Amino acid sequence: MTAEADPNAHTRMHSVSEETRSIVDLVLDYSRRRLLATDTPLDHASSPGELTRLAGRTISEEGIGASRALAAFEMVLAPACITTDHPQYLSFIPSAPSKAAMAFDLVVSASALYGGSWLEGSGAVHAENEVLTWLAGEFGLPAGAGGVFVQGGTIGNLSALVAARDTARRARTGAGLPARPEGGWAVVCSAEAHSSVKSAAEIMDVDVIAVPGGDTGSLSAAAVREALESDGERVFAVVATGGSTNFGIVDDIAGVAALKDDFDFWLHVDGAYGLTAMLSPLARHHFAGVERADSVIVDPHKWLFAPYDVCALIYRDPENGRLAHTQHAEYLDVLTEQAAYDPSDYSIQLTRRPRGLPLWFSLATYGAATYRDAVTHSIALARRIADEIERRPGFSLVRDPQLSVVVFERDGWSKADYERWSDQLLEDQQAFVVPSSHAGRTNARFAIVNPLTTFEQLTAILDSMK
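Throughout what follows, the structure given in this document is the object of discussion. (Residues numbered from 1 in each chain as written. Predicted model: local features only at pLDDT ≥ 70, side-chain atom pairs only at ≥ 80, totals over all residues. Heavy atoms only, no water.)

1. Some points on the sheet that holds strand 8 (residues 395-397)
For clarity, the cut-off: Here, strands pair whenever DSSP counts at least two bridges between them. A helix here means a DSSP run of H or I that spans at least four residues, while a strand means a run of E at least two residues long, and both kinds are numbered starting from the N terminus. An axis is simply a line fitted to the C-alpha atoms; with a helix, the fit covers only the stretch in contact. Between two such axes, the angle follows the N-to-C directions and lies from 0 to 180 degrees.
In spatial order, the strands read 8-9-11-10; together these 4 strands make up an open sheet with antiparallel pairing. Of all strands in the sheet, those bounded by a partner on one side alone are strand 8 and strand 10 (436-438). When strand polarity is set aside, the average angle formed by the axes of neighbouring strands in this sheet is 45°. Both strand 9 (residues 405-410) and strand 11 (residues 441-447) contribute to a ladder of 4 bridges, which runs antiparallel. The residue bridging valine 407 from the neighbouring strand is arginine 445, located in strand 11.

As structure tokens, then:
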């Protein structure tokens, strides 16, 4: 029906009608089946040509209707995406959202919530802040610590470092010094720090002083001290990693934090993957010193069982974040002139959905003790499979696991051998384990975060390395 024939055509997408009811039923039925499925395959990528051939043209003036669009997604597009919450998805850092968190993500979208200001979303902000306060307490940060949920670790690290530089700049101008030190600003981090730290530095136009991690890969206090003594007032922040992506290695956070007694710098802990391990008694001791951090991040979509995409950015003193990030405009005066907690004041994002709510609902539903059990399972399983790798002839660990990442080599294998093996695993729908590398040597790597991953699944993968 054309717009000329139907004077209400402009309301079609938003009105409650039989068509709307049918769309909602279709989507909720699919979501229910997906959420409760116990046999979702790993799936695999397809070529652009194959997707075009199978899906056909889906965008047109007339539309193809909800049934055909959902069918194209379910039968063609979704199977061309690897299932990140599969127990045998063991590459990169997997996602393993709880059933409650995934279900509540539907509620967040259905509720049309805006999470950028207290004025517009106080209930959502209150719930998110409760989670942030709980996390801050787990990390040993003082009362009053808080922040915001942002899109991911890259945005979290960038926002924290922007606040760190702003704090250093205000300190200099307050002391009557030039806002920018001679030679420009610099941030110190490990050479094995996540790529997002270097990306943030490029965006901010500051130098990176990359300190070698040594044999263990851990950033040492002695190496940081040397950098601080060498570059002096240029260094506005030191980034310590709370669980590296490639190995799950935790820097000497306590040693670096102790340097704050002798030097003036902002300590940021990038715990996007690993800081969650503080919930487990098996790993909490690795993180001594986090309580002295000026800011931390942790990604709930990694090991806190929330859906993509969410990162908790927490400031020791949120006021430093607010001073750095509050945006000013005439249309925002109604927000900036009131004394309310507006999440958009604490990161580079102004517009935001309340992405912390699925985590809040899951935590409220299951309780923190269930989270501790799930995290502890992953760490214990990593240690068990590491012992198995050490026991097997022809296998060797690259490093002993600290958290839940296990990196190992098959003796005598070339890069091509690892690639053929990895491709076959996915082709057989047994597992998704892509090759990694360290110091120029190709290796294999298990990143274990899914509570449904079993020892038997992992040993079967080892058995396939013939």
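2. Quick look at the layout of surface pockets
Threshold: Lining residues are those with an atom within 4 Å of a point, where the points come from a 1 Å grid over the protein atoms alone and group into cavities, where a 1.4 Å probe fits but cannot get out, or pockets, open sets with protein on both sides within 12 Å along at least five of seven lines. Grid points are joined across faces, edges and corners, and a volume is the space filled by probe spheres set on the points.
In this model, the largest pocket occupies a volume close to 860 Å³. Tyr30, Arg34, Phe73, Asp85 and Met102 are the residues nearest the centre of the largest pocket, which is lined by 27 residues in total. At the level of secondary structure, the elements contributing two or more residues to the lining of the largest pocket comprise helix 1 (18-36), helix 3 (66-77) and helix 4 (99-110).

3. Re the side chain of glutamate 409
What counts here: We call a residue buried when its accessible area falls under 20% of the maximum for its residue type, exposed when it is over 50%, and partly exposed in between, using a 1.4 Å probe and counting protein chains only. Two residues form a contact once any of their heavy atoms are found within 4.5 Å.
Here glutamate 409 lies in strand 9. By relative accessible area, glutamate 409 is classed as buried at 12%. Excluding residues within four positions of it along the chain, glutamate 409 makes contact with Gly394, Phe395, Ser396, Val398, Tyr418, Arg441, Thr442 and Asn443.

4. Things to note about the pairing of strand 11
Strand 11 sits mainly inside the fold: 6 of its 7 residues count as buried. As defined by bridge partners, strand 10 adjoins strand 11 across 3 bridges and the pair is classed as antiparallel. Bridging across to strand 11, histidine 438 finds its partner in arginine 441. In this antiparallel pair of consecutive strands, strand 10 and strand 11, the connection spans 2 residues, and alanine 439 shows a positive phi of 55°.

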